[in-house]
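# Understanding the architecture of this molecule
Below, each chain spelled out in residue letters.
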Amino acid sequence: MLLLAVPVYADSTLPPAPLANVQLKDPAKEAQAQALMATLRCVVCQGQSIADSDAEMAGDMRSLVRTRIQGGQSPAQIRDWLIARYGDYISYDPPFSAVTAPLWITPLVLLALGAWLARASFKRRGTR
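Keep in mind the model is a prediction, meaning the values are calculated, not measured.

Applying the stated rule across the entire model yields 0 aromatic pairs. A cation over a ring is seen here: Arg41 above Tyr89, with NZ or CZ 4.3 Å from the ring centre. The aromatic ring of Trp81 is capped on one face by Arg68, whose charged end is 4.0 Å from the ring centroid.

Attention now moves to the environment of Arg79. Its place among the elements puts Arg79 in helix 4 (residues 75–86). Expressed as a C-alpha distance, the spacing of Arg79 and Leu40, which sit 39 residues apart in the sequence, is 8.1 Å. When near neighbours in sequence (up to four residues on either side) are disregarded, Arg79 contacts Leu36, Thr39, Leu40 and Ser91. At 2.5 Å, the side chain of Arg79 and the side chain of Thr39 are in polar contact.

The subject of this paragraph is helix 3 (residues 56–70). Taking 1.5 Å as the rise per residue, helix 3 with 15 residues should run 21 Å; its terminal C-alpha atoms sit 21 Å apart, in good agreement. Looking only at helix 3, the buried set comprises Ala58, Gly59, Met61, Arg62, Ser63, Val65, Arg66 and Ile69. Tucked into the core, helix 3 has its buried residues touching helix 2 (27–38) and helix 4. Among the residues trailing helix 3, Gly72 stands out with phi positive, at a value near 105°.

A few words now on the packing of helix 2 against helix 3. Following both chains from N to C, one finds helix 2 and helix 3 inclined at 140°, their axes separated by 10 Å at the closest point. In terms of their interaxial angle, helix 2 and helix 3 are classed as oblique. In this structure, helix 2 crosses over helix 3, and the sense of that crossing is right-handed. Facing helix 2, whose interface residues are Lys29, Glu30, Gln32, Ala33, Gln34, Leu36 and Met37, helix 3 presents Arg62, Val65, Arg66, Ile69 and Gln70.

Reading guide: rules and limits
- Residues numbered from 1 in each chain as written.
- Predicted model: local features only at pLDDT ≥ 70, side-chain atom pairs only at ≥ 80, totals over all residues.
- Heavy atoms only, no water.
- Phe/Tyr/Trp six-rings, centres within 6.5 Å; stacked < 30°, edge-to-face > 60°.
- Lys NZ or Arg CZ within 6 Å of the ring centre and 35° of its normal.
- Helix = DSSP H or I, 4+ residues; strand = E, 2+ residues; numbered from the N terminus.
- Contact = heavy atoms within 4.5 Å.
- Polar contact = N/O pair within 3.5 Å; in protein donor to acceptor, adjacent residues only side chain to side chain.
- Expected span 1.5 Å × (residues − 1).
- Buried < 20%, exposed > 50% of the residue type's maximum accessible area, 1.4 Å probe, protein only.
- Axes fitted to C-alpha atoms, helices over the stretch in contact; angles between N-to-C directions.
- Parallel < 35°, antiparallel > 145°, perpendicular 65-115°, else oblique.
- Left-handed = near helix turned anticlockwise from the far one by under 90°.

Treat this as a map of the structure, not an account of what it does.
Given below as structure tokens:
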């Protein structure tokens with residue numbers, strides 16, 4: 001019975017980070033924060049942005065983004081800091097590098113392969 005209760009203890013009892021669920025008073029700064037948060041991947045959920053995730057880590061990251069924007073940092077500076085800390089994976093739009101090259105090249109290769117197969121298929125049908 002104790003093993004079944006383990007997931008209950010996995011949930012944090014800590015309160016959310018200060019600005020995790022509270023908007024900034026300046027609407028322009030909040031808009032910057034919201035735009036940046038929509039482009040950052042939750043490191044826990046991985047399929048959601050930090051703006052959409054209910055994970056505690058996403059709340060901490062939302063608070064961090066709002067705190068830094070309120071402190072005067074630009075969204076680009078915050079993005080660069082997060083990428084330096086968590087890697088390119090945190091961004092939904094990773095920069096082109098040796099590590100991310102397969103992410104950018106694979107769709108083009110698959111598209112070219114599909115076009116080549118379709119052309120070969122149409123060519124065979126035309127000769128019959």
